[in-house]
Each structure stands twice: as C-alpha cells, then as structure tokens.
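Architecture at a glance
Listed below, chain by chain, are the residues.
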Amino acid sequence: MTTDSTGGSLPDAHAPAGRDFRQVLAGLTQLEHVRGGLLVAPDGLVIAATLPPDIAVEPVSALAATLGRELELRGPRLRRGTFLMAHFLADDGAVFLGGTPIGFIVLLTDTQVNRDAIRHALREAIGSIRQAWPR
Amino acid sequence: MWLKRLWTSKTETSGRPPTTVQFFRQATLHRNAGRFEEAAALVEQGLRLDPDNVVGLLLSGSIHAVFREMDKAREAFQRVLALDPTHPRALLGMARMALEEGETEACTDFLRRALARYPDFPEATALLEAVSQGATDAAPRPAPATGFRVERLRVPQESREALLARIDATLIFAQPRGTSTEEVATRTSRVCRLTGSLLTRCGLKGLKHAILEGAAETTFLRADGEIVLSIAFGRDVEINAGLAHLERVWTNCHQELSSQVAS
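Notes on the structure in this doc start here. Nothing here was measured: the structure is a model prediction, and the numbers come from that model. (Residues numbered from 1 in each chain as written. Chains lettered and ligands numbered in written order. Predicted model: local features only at pLDDT ≥ 70, side-chain atom pairs only at ≥ 80, totals over all residues. Heavy atoms only, no water.)

1. Notes on the overall build of chain B
Cut-off, in case you're wondering: Strands here are runs of E lasting at least two residues and helices are runs of H or I lasting at least four, both read from the DSSP assignment and numbered beginning at the N terminus. By the convention used here, residues are in contact when the closest approach between their heavy atoms is within 4.5 Å.
In terms of regular secondary structure, chain B is built from 10 helices and 5 strands. The contacts in chain B between residues at least 6 apart in sequence include a share of 49% that link residues at least 24 apart.

Listed below in structure tokens is the structure:
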C-alpha cells in the first residue's frame with residue numbers, strides 16, 4: 001500500500017518500480033551528502049518530497065517545475081535535444097534536476113557530494129520512471 | 001483494473017452511481033499519488049456529468065500539464081476563469097503557460113491577480129519574485145560592445161556555441177551568431193534567474209556554475225549577478241574538461257570587459 005499526500009491509501013502491489021515515486025525518491029535521498037529532494041509534476045504539484053524542515057516545499061516545487069519546463073522547452077527549441085538533467089552549483093550546496101515523463105526530480109546536496117555518483121543515480125531513476133511511463 | 005472493479009463493486013452494493021464529488025475526490029487522491037492515468041479517467045467521467053465543475057476542470061488542467069498537453073491544460077484553466085475570474089490556481093496555471101511562451105508581462109499579470117485574491121499563495125509569490133527580477137525579459141537591449149575582442153577569450157574550438165550576455169539578456173557576444181542567438185540569450189538569462197530564485201529558496205547562495213545535459217548537447221553556464229556565460233559542447237564532452245574551459249573563458253571575459261571599461 002502507498003499512503004498518498006492527502007492521507008488516503010491506494011493499493012499498488014503490481015506497480016512497476018518507476019511508478020512508485022516515493023521509493024524512487026527515497027533511493028536517491030539516501031545517497032551520501034544528499035540533504036533532501038522532491039518529485040514535482042510539470043504544473044508544480046508535489047508528488048513526493050523529503051526536504052529539510054527549514055525549506056518550504058511549495059516555493060521550491062513551483063520554481064523547480066518552472067525551471068524544469070524552461071529546460072525542457074529550451075532543448076528542442078534551440079536544437080539541444082531532449083533535456084536530461086541539470087546540475088546547479090552554489091557556494092554552499094548544489095541542486096540537481098532531472099526530467100522525467102511525469103515531472104522533475106530535484107535533489108538538494110552538500111558541496112562535497114560526488115557529482116558523478118549523483119548523475120549516475122539520477123540517470124537510473126529517470127530511466128526507471130521512463131520505463132514505467134513510456135508515453 | 002482494480003479501480004474499475006472498486007467502482008463497480010461500490011455501485012453494485014449501494015445501487016447508486018458515484019457522484020461527481022466522489023469522482024473528483026478519488027481523482028485527487030490518484031493525482032496526488034502520481035497515478036495520473038487513473039486520475040485522468042475519473043476526471044473525464046466526472047466532467048461528463050458536470051462539465052462546469054471547477055474542481056474537475058482544475059484537475060483536468062493539472063493532469064494535462066503533467067502529460068505536456070498544454071493546449072488542453074490552457075483550455076481547462078480558461079474555463080475555470082470563465083466561471084471564477086480570480087481563481088488563484090487557474091491563474092497560476094495560466095501564468096506558467098504565459099512564461100513558457102515568453103510572455104513575461106502576461107505571466108506577471110496572472111500572478112498579481114492570483115495574489116490579489118490569495119495574498120499568501122506561496123507558489124505565486126515565489127514565481128512572481130523570480131519573474132520580476134527580469135522585467136526586460138521579452139525585449140533584450142541591443143548589444144552595447146563594438147570593440148569586444150572575441151579572440152582574446154580563447155573559446156575552445158570544439159564548442160558548438162559560446163555566448164556572453166548581461167543578466168537582462170542583452171547580448172555581449174556570441175560565437176557563432178545566428179538567427180536563434182537572441183533567443184538563446186533570453187532563455188539563458190531566464191534559466192539563470194529561475195535558478196537563482198530556486199537556490200535561494202533552498203537556502204543556498206548564488207549560482208556558481210550550471211551543467212545542462214541534453215540528448216544532443218551539454219551546456220555549461222557561469223554567472224554572477226551581472227553577466228552570464230554559456231558554452232555548449234557535444235553530448236560526449238567530459239564534464240571536468242567542459243568546466244575547465246568554462247572557467248578559463250569566464251576569466252578572459254572579465255578581463256576583456258575590464259579592459260573595455262579602462263579604455
């Protein structure tokens with residue numbers, strides 16, 4: 001059973017791995033130096049979130065979805081190809097953003113994070129969601 | 001499908017068909033859990049019974065947006081606004097789509113209308129802050145520098161496109177320069193501003209660099225509060241090599257801009 005964000009429970013015994021978004025996100029947020037993350041739909045709806053308590057989810061989800069869409073649209077428009085993922089480094093941390101058929105994965109990390117390890121894990125997570133959502 | 005079985009058994013037991021409220025409540029549960037196809041099916045059934053149901057139309061807009069069916073999403077939000085002209089969620093939906101189309105003024109207008117009705121709307125507040133940072137988004141000023149010596153920047157030969165712009169999207173140089181260069185500058189500037197807002201909301205300080213990986217190209221960005229440098233390579237570029245190029249060209253850009261000011 002999966003508990004949804006409104007408190008209801010829905011059976012998902014036969015769902016492919018990429019459809020269990022909370023499991024996908026949990027796998028990523030367990031990685032070393034990852035502070036938290038969320039999975040947000042293109043309209044900004046939070047599907048799953050595990051952010052530190054001092055970070056408000058709604059503004060982050062709204063901006064992440066908008067940025068994700070901008071990157072998604074920018075690719076084909078400027079002949080950069082389909083958007084896969086982005087890494088934004090700041091002085092005191094980093095944000096990774098991955099595109100999937102149902103929205104965007106956002107990971108918040110420390111600066112010490114192994115960039116390539118996160119890229120690899122994110123790529124796998126994106127792949128599993130794409131497999132589950134082939135449209 | 002288990003859901004159909006669930007509905008069937010319920011209706012058979014109670015003898016009553018599900019109400020639109022039940023349809024949309026169940027659809028909301030599915031959408032919030034990321035079960036978009038199930039949610040879409042229920043919304044469609046609910047709207048067939050009650051085509052002007054605001055909850056159903058909002059759900060419809062949201063689910064169409066998930067599947068990137070933006071025309072249908074817009075239509076749903078417009079129908080909500082026809083019924084309730086200041087509905088904050090519908091206005092937010094319209095604002096997002098306006099921004100995607102580069103219509104910053106329209107986006108700002110939708111967001112202000114949403115906030116007039118619901119002043120504590122966190123998503124609209126965050127988006128308005130990000131958008132307001134780039135009020136000149138739609139109309140970049142003409143390039144100011146005529147004596148910019150591009151050869152001094154040492155742009156790597158393997159780069160597909162290099163571009164330096166002010167944060168308001170005013171182009172300083174581009175190599176090569178083509179019909180889409182202005183749009184690249186506008187979109188690059190927008191990415192930087194959205195990223196800056198996102199990092200701030202995540203409790204992080206300003207953007208140092210960004211790596212944007214696409215299926216065909218990898219783009220490296222470097223920015224401060226005033227200018228942004230973008231260098232695009234083929235998809236197989238080694239990340240550390242790309243970053244080294246970025247740092248070198250960035251330093252050279254600053255030196256060249258400083259020498260221009262001095263002369």
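2. Describing the overall build of chain A
Our working definition: Only protein chains enter the accessibility calculation, which uses a 1.4 Å probe; a residue whose area is less than 20% of its type maximum is buried, one above 50% is exposed, and one in between is partly exposed. Methods summary: accessible areas were calculated by the Shrake-Rupley approach with a probe of 1.4 Å, and residue burial reflects only the protein chains presented.
Helix and strand counts for chain A stand at 3 helices and 7 strands. Reading the secondary structure of chain A in the N-to-C direction produces β-β-α-β-β-α-β-β-β-α. Residue burial in chain A is summarised as follows: out of 135 residues, 60% are buried. Entry remark: accessible area of chain A is about 5400 Å², with carbon and sulfur atoms responsible for 51%.

3. A word on the interface of chain B and chain A
In plain terms, the rule: Buried area: the sum, over both parts, of the accessible surface (1.4 Å probe) that disappears when the two are put together. By definition here, a salt bridge exists when the distance from a side-chain nitrogen of Lys or Arg to a carboxyl oxygen of Asp or Glu is within 4 Å. Pairs of N or O atoms are called polar contacts if they sit within 3.5 Å, as long as, within protein, a hydrogen donor faces a hydrogen acceptor (for residues adjacent in sequence, only side-chain-to-side-chain pairs). Under the scheme applied, nonpolar residues are Ala, Val, Leu, Ile, Met, Phe, Trp, Tyr, Cys and Pro; charged residues are Asp, Glu, Lys and Arg; polar residues are all the others, including Gly. Any two strands are treated as partners once DSSP identifies two or more bridges connecting them.
In this assembly, 62 residues from chain B lie in contact with 65 residues from chain A. In this assembly, chain B packs against chain A so that about 5600 Å² is buried in total across both faces, 59% of it on carbon and sulfur atoms. Its largest share of buried area at the contact with chain A, chain B owes to Arg68, Leu198 and Glu213 of chain B, together 13% of the area lost on that side. Taken together, the connections running from chain B to chain A amount to 6 salt bridges. Linking arginine 69 of chain A and glutamate 100 of chain B is a salt bridge whose minimum nitrogen-to-oxygen distance equals 2.8 Å. At the junction of chain B and chain A, the tally comes to 21 residue pairs in polar contact (both at pLDDT 80 or more). Tallying contributions element by element places helix α9 (residues 181–201) of chain B first for the side of chain B that touches chain A, with 12 residues. Classifying every residue of the side of chain B that touches chain A gives 29 nonpolar, 16 polar and 17 charged. With 7 bridges connecting them, strand β5 (residues 83–90) of chain A and strand β3 (residues 207–214) of chain B associate as antiparallel partners. Each residue of the ladder has a partner; that of leucine 89 of chain A, found in β3 of chain B, is histidine 209 of chain B.

4. Examining the sheet that holds strand β6 (residues 93–100) of chain A
To be explicit about the condition: For helices, the fitted line uses only the C-alpha atoms of the stretch in contact; every axis is such a line through C-alpha atoms, and the angle between N-to-C directions lies from 0 to 180 degrees.
In space, the 10 strands of this open sheet follow the order β4(A)-β3(A)-β7(A)-β6(A)-β5(A)-β3(B)-β4(B)-β5(B)-β1(B)-β2(B), with antiparallel pairing throughout. Here the strands that pair on one side only, and so sit at the sheet edges, are β4 (46–50) of chain A together with β2 (171–175) of chain B. For this sheet, the mean inter-axis angle between neighbouring strands, taken without regard to orientation, is 10 degrees. Looking at chain direction, β6 of chain A and strand β7 (residues 103–109) of chain A are connected through 7 bridges and run antiparallel. Along β7 of chain A, the bridge assignment pairs valine 95 of chain A with leucine 108 of chain A. Each of β3 (34–40), β4 and β7 of chain A is contacted by helix α1 (residues 21–29) of chain A, which is oriented at about 155 degrees to β3 of chain A, the strand it contacts most. Taken strand by strand, α9 of chain B contacts β5 and β6 of chain A together with β1 (161–166), β2, β3, β4 (217–223) and β5 (227–234) of chain B, and its axis lies near 65 degrees from that of β1 of chain B.

By themselves, these observations are geometric and do not establish any function.
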